[in-house]
Amino acid sequence: MGSYIPSTHDEQKQMLAALGLDDFRELYRDVPEQMLLDHPLDLPAGMSELEVSRTIRALAEKNRRFHTVLRGAGAYDHYIPSIVKYIPAKEEFLTAYTPYQAEISQGILQSIFEYQTMVCELSGMDAANASVYDGATAAAEAAAMCRDRKRRVTLVSAAANPDIINTVRTYCYGTGDEMRLIPEKDGKTDPEAMRALLDESVASVILQQPNFYGLFEHTEQLSALAHENGTMVILSCNPIALGIMKTPRDQGADVFVAEGQPLGMPVGFGGPYLGMMATTSAHMRRLPGRIVGQTVDDKGNRAFVLSLQAREQHIRREKASSNICSNEALCALTASVYLSVMGPQGLAEAAKQSMSKAHYFEQQLCRLPGVRLIHEGEFFDEFLTALPKREAVLSRLSESGILGGLPLKDGVLWCVTEKVTKQQLDEAVSIVKEVLAE
Amino acid sequence: MKLIFEKSVSGRGCSILPPCDVESASLPYGLERQNPPALPEMSETDVSRHYSELCRQVHGVNCGFYPLGSCTMKYNPRIDEELAALPGFTDVHPLTPAEDAAGCMEVLALAKRYLCEISGMADMTFQPAAGAHGEFTGVLLIKQYHDARGDKARTKIIVPDSAHGTNPATAAMCGYQVVNIPSAPDGCVDLDALQKVLGPDTAGLMLTNPNTVGLFDRNILEITRMVHEAGGLCYYDGANLNAVMGIVRPGDMGFDCIHMNLHKTFATPHGGGGPGAGAVGCKEFLRAYLPQSSLMQEPGHLQVRAFCGNFLVVVKALAYLMMLGAEGVPQAAENAVLNANYLMQRIKGTFRPAFDRICMHEFVLDLSEFKKQTGVSALDVAKSLIDYGMHPPTMYFPLIVHEALMLEPTETEGKQTLDDAAEVFRSLYALAHSDPERMHKAPHNTPIGRPDEVRAARNPIVRYVPA
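Bear in mind that the values here come from a model prediction, so they are computed numbers and not experimental data.

Focus on the overall build of chain B
When helices and strands are tallied, chain B shows 16 helices and 10 strands. What you see for chain B is a C-alpha radius of gyration of 25 Å, in line with the 23 Å of a compact globule of 467 residues. Counting only C-alpha atoms and orienting by the principal axes, one finds that chain B spans roughly 75 × 65 × 45 Å. A burial count over chain B gives 67% of its 467 residues as buried. Surface exposure of chain B reaches about 15,100 Å², of which carbon and sulfur atoms provide 49%. The average position of the 39 basic charges and that of the 52 acidic charges among the side chains of chain B differ by 5 Å.

Points about the packing of helix α2 (residues 49-61) of chain A against helix α11 (residues 311-347) of chain B
α11(B) packs onto α2(A) with a crossing angle of 140° between their chain directions and a minimal axis gap of 9 Å. One way to sum up the angle between α2(A) and α11(B) is to call them oblique. Of the two elements, α2(A) crosses α11(B), and the hand of that crossing is right-handed. Taken together, the residues of α11(B) that come into contact with α2(A) (itself represented by A:E49, A:V52, A:T55, A:I56 and A:L59) are B:V315, B:L318, B:A319, B:M322 and B:M323. Considered class by class, the residues forming the contact of α2(A) with α11(B) number 8 nonpolar, 1 polar and 1 charged.

Things to note about the layout of surface pockets
Of the volumes computed, that of the largest pocket is approximately 1,100 Å³. Tallied by class, residues from the lining of the largest pocket come to 21 nonpolar, 16 polar and 9 charged. Counted as a void, the second largest pocket has a volume near 850 Å³. In this structure, the second largest pocket is lined by 32 residues; those nearest its centre are A:K85, A:P266, B:A85, B:T90 and B:L312. The set of elements that each furnish at least two residues to the lining of the second largest pocket consists of α3 (82-86) and α11 (329-365) of chain A together with α3 (78-84), α4 (87-90) and α11 of chain B. Sort the elements by how many residues they give to the lining of the second largest pocket and α3(B) lands first, with 4 residues. Residues of the lining of the second largest pocket, tallied by class, amount to 19 nonpolar, 5 polar and 8 charged.

As for the sheet that holds strand β10 (residues 275-279) of chain A
Residue and element names in this part refer to chain A. Reading across from one edge, β2-β10-β9-β8-β7-β3-β4 is the order of the 7 strands in this open sheet, with mixed pairing throughout. Both outer strands of the open sheet, β2 (127-128) and β4 (179-182), are each paired with one neighbouring strand and no more. Where strand β7 (residues 202-209) and strand β8 (residues 232-237) come together, 6 bridges link them in parallel fashion. Among the inter-strand pairings, I206 is bridged to a residue of β8, identified as I234. Sheet contacts for helix α9 (residues 219-228): β7 and β8; angle to β8, the most-contacted strand, approximately 155°.

Here we look at the side chain of A:S398
Checked against the element boundaries, A:S398 lands in helix α12 (residues 390-399). For A:S398, a relative accessible area of 12% gives the class buried.

Some details on the nonpolar core
Residues A:L27, B:F89, B:L194, B:V244, B:F266 and B:V381 are the most contacted members of the largest nonpolar core, which totals 120 residues. When residues in this core are grouped by element, the largest group, 24 residues, is from α11(B). If you look at the next biggest cluster of nonpolar residues, it comprises 102 residues, including A:V257, B:L95, B:F136 and B:M173.

A look at the interface of chain A and chain B
Taken residue by residue, the interface counts 184 residues in chain A and 206 residues in chain B. Here chain A packs against chain B, burying approximately 16,800 Å² in sum over the two surfaces, 64% of which is carbon and sulfur. The three residues of chain A that bury the most area against chain B are A:Y4, A:E103 and A:F269, which together make up 6% of that side's buried surface. If you look at where chain A meets chain B, you find 12 salt bridges. For B:E106, the salt bridge identified is with A:K62, shortest N-O distance 2.6 Å. Remark: the boundary between chain A and chain B carries 93 residue pairs in polar contact (both at pLDDT 80 or more). Take the side of chain A that touches chain B: its biggest share by element is 23 residues, from α11(A). When its residues are assigned to classes, the side of chain A that touches chain B shows 90 nonpolar, 56 polar and 38 charged.

Regarding the environment of B:L198
Residue and element names in this part refer to chain B. Examined against the element boundaries, L198 turns out to sit in the loop between α8 (191-197) and β4 (202-207). Taking relative accessible area as the criterion, L198 reaches 13% and is therefore assigned buried. In the structure, L198 is positioned 49 residues away from R149 in sequence and 19 Å away in space, judged by C-alpha atoms. Not counting residues up to four positions away in its chain, the partners in contact with L198 are I158, M226, V227 and A230.

Some remarks on the domain arrangement of chain A
All names here are of chain A. Taken domain by domain, chain A holds domain 1 (68-79 + 343-437) and domain 2 (82-337). Contacts between domain 1 and domain 2 engage 26 residues on the former and 25 residues on the latter. For the pair domain 1 and domain 2, the summed buried surface comes to about 2,000 Å²; carbon and sulfur atoms form 67% of the total. Joining domain 1 to domain 2, the criterion identifies 0 salt bridges. Counting every contact that joins domain 1 to domain 2 gives 5 residue pairs in polar contact (both at pLDDT 80 or more). No other element matches the 6 residues that α11 contributes to the side of domain 1 that touches domain 2.

Details of helix α5 (residues 106-123) of chain A
All names here are of chain A. Spanning 18 residues, α5 covers 25 Å between terminal C-alpha atoms, matching the ideal 26 Å at 1.5 Å per step. With respect to burial, α5 is a largely interior element, 18 of its 18 residues being buried. Phi turns positive one or two residues past the end of α5, at G124, with a value near 80°.

Re the pattern of salt bridges
On inspection of all chains with the given rule, the structure shows 49 salt bridges over all chains. Here A:E391 ties to A:R390 by a salt bridge, and the two come within 3.5 Å at their closest N and O atoms. A:R390 sits in the partly exposed class, given a relative accessible area of 23%. A salt bridge links B:D151 to B:R154, with the nearest nitrogen and oxygen atoms 2.7 Å apart. Each of the two residues, B:D151 as well as B:R154, counts as buried. One network of salt bridges, in which partners are shared, links A:D30, B:D186, B:R218 and B:R357.

Parameters and conventions
Residues numbered from 1 in each chain as written. Chains lettered and ligands numbered in written order. Predicted model: local features only at pLDDT ≥ 70, side-chain atom pairs only at ≥ 80, totals over all residues. Heavy atoms only, no water. Helix = DSSP H or I, 4+ residues; strand = E, 2+ residues; numbered from the N terminus. Rg over C-alpha atoms; globule rule 2.2 N^0.38 Å. Buried < 20%, exposed > 50% of the residue type's maximum accessible area, 1.4 Å probe, protein only. Areas by Shrake-Rupley, 256 points an atom, 1.4 Å probe, with all protein chains shown as cover. Lys, Arg positive; Asp, Glu negative; His and termini not counted. Charge placed at Lys NZ, Arg CZ, Asp CG, Glu CD. Axes fitted to C-alpha atoms, helices over the stretch in contact; angles between N-to-C directions. Parallel < 35°, antiparallel > 145°, perpendicular 65-115°, else oblique. Left-handed = near helix turned anticlockwise from the far one by under 90°. Contact = heavy atoms within 4.5 Å. Nonpolar A, V, L, I, M, F, W, Y, C, P; charged D, E, K, R; others polar. 1 Å grid on protein atoms, 1.4 Å probe; cavity = no way out; pocket = protein on both sides within 12 Å on 5 of 7 lines; lining within 4 Å. Points joined across faces, edges and corners; volume = space filled by probe spheres on them. Pairing = 2+ DSSP bridges. Core = buried A, V, L, I, M, F, W, Y, C linked by side-chain atoms within 4.5 Å. Buried area = accessible area lost by both parts, 1.4 Å probe. Salt bridge = Lys/Arg side-chain N within 4 Å of Asp/Glu carboxyl O. Polar contact = N/O pair within 3.5 Å; in protein donor to acceptor, adjacent residues only side chain to side chain. Domains from an automatic or database assignment. Expected span 1.5 Å × (residues − 1).

Have a look at this one:
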């Protein structure tokens, strides 16, 4: 019943007649008869907009709503300023294709150029691409970009997010290259183990800062080790933390990657998210994906274009640096709007508050019997604790509208953002206390 | 127009966060940032106006006809946006226990049911975030299948020379040697050329059908049979599925796995380059190799990104599919094909179609003769169309047609739009003979004229640096 076809039945007839045809089926004369579907699709009949709206709203209502989210592990529930939702919803931004036709795409091209600049500002790098799919693919693409004929092996810290590790493993399986895991020690990348794994076949090492357990890594020390071996350093950072944390470049990274979701995108059951990538001038031409460059038009005015396309699949085909073409442009726009609204102070504030509240929560939780930090060391806005009666605690929190930390093999990984108030944290602590006292 | 950084005023800002209500924690010594990032400092009015100004310099599907071949620029329903923005979806953390995310799980299950039925596949993953990402996922299914059988000799993927550039790039990312085979003159697979390269080293074939010149390959059953006989598998690039959905199924053509571009065929918006969603379907025997998130699902599988993909894009596609339903899906395909044929018919007599026969959802014009006569290139015609409020067609693709313009009107354009577009083409044909100079300099009414791309590549400026 539902349809977005403007032509009326009569118009369709006229158009068929103009082609000398009577019936739609004659348009499919090249399709071998025996292959044509001889029955209607086994699907429900079409619906009106109102019916679809009802049906899908009912599905949304089947999901449980939590007023407090204390879970991160790769998806972060930060506050999204209202305007950040409205600007990318403008139809021109929303519906345009990739800006191949620069003359009628300056708005998108300039927004990407601005996004690239902001990514460089956050990371201390010289050049960023227009985005890749998410933080995990950004790491995998970065590993590919660091390989050359002699150096093929990628080291990945075992203290990185498991989805990042497994995505890198998958991309390595694709090209037939080796990925080696650097063991963790007390929740952090073990420098001795890393030193032992470094040899002249190692192209890059992937570290996460703060890491999967929320802990700050000794990135400068680890980067120095890698560089001594001629190995490039890929650093995956929480972009909110970069409001207050030393830039990836200053921490020794050659390539910066990030999951950009915390910059104004909802957790959205996993996507769409934003893969951020940036590097130094020396490696700019090895970046995968689209890059917008500044130039002039035929009158000498500033103009923006998709640039350095000689790296890309539509020109290089099997020799391209990656097969990526569609990226996450609208999410990059979202991040730009978020960063513009927050500004340097606002971003620093979001970072400080997330960190402060996580520390407050950790102190309160760890006063309870049997709850303690599993790892020593400084953390950002996530931390791993031992938690007695884990299932009971998480389920009681859930009944009270609180999504508790993520249960892992040896503990629970908690996350607190600036969105959560002290009162909400106190409520969560008192529920945990109650269950533990039972 | 000014960059956002050029509008920034030190000390300006928006009021977003309240003061912190707990004691302040600080970073470990030595890890503090030395200088704050030079992000824009703006009032909310500044931000709003800046992006409104940018927005006015973008041609969206909402602005006018957008016959960009191979990209299926159909109308993107607003209701789909509204539903995907429901807090009941946007606020669900991907690591929410399954029982608390029952609605999301049902969205994925329903979308899978619709798309498996349309594609003729047994199972599906929504993890891939775009078409090329879907190709990567699909070819990894093929690779895992051969590896699991211990069949290490299969090192080659066959790709026709008419294929999208992503196909060979994907095969290379999967460690395969790419064997390019020449197409027959009509862009279809040359069976002899295919037979010559098939053998015990064949891992598979990647194919788009209808192909990139907009023709349905009549020999498709023969092609997939030949590849299977050689022990290879067949991968369907779903970029052109809009022509045949609900009419003929890739599964019935003999394909083993497929990606579908939800952002083309199923009406989710392109967002200026993304996000898309590249759902990958497969036959039963490949099901075990589908990727899974090690955090969200089972560890021990491959995975191509975090979590389960661009979920909110899947919500939009599902809303669209529910609206169309069993009868609406083939109707959309039929009208996409009708519109393409009608527009080709109306343009014919001026610009020459590369293949003068019934096409599928898109067709290619060959301007090589026209260029010889007038000196006006496909690029000039494309740029001139902009002055008439149209987005240009895809240019210089597929590579097997010279001076190519590829037009895909889609089913969401009416007869009047097509008639008007045909008139524009006719006027430009005449203009090329009377005033070619004007076309060399087109477009004339845009915020910028033609940009100097060579300069951008030679002297890359890829970020703003304050003067």
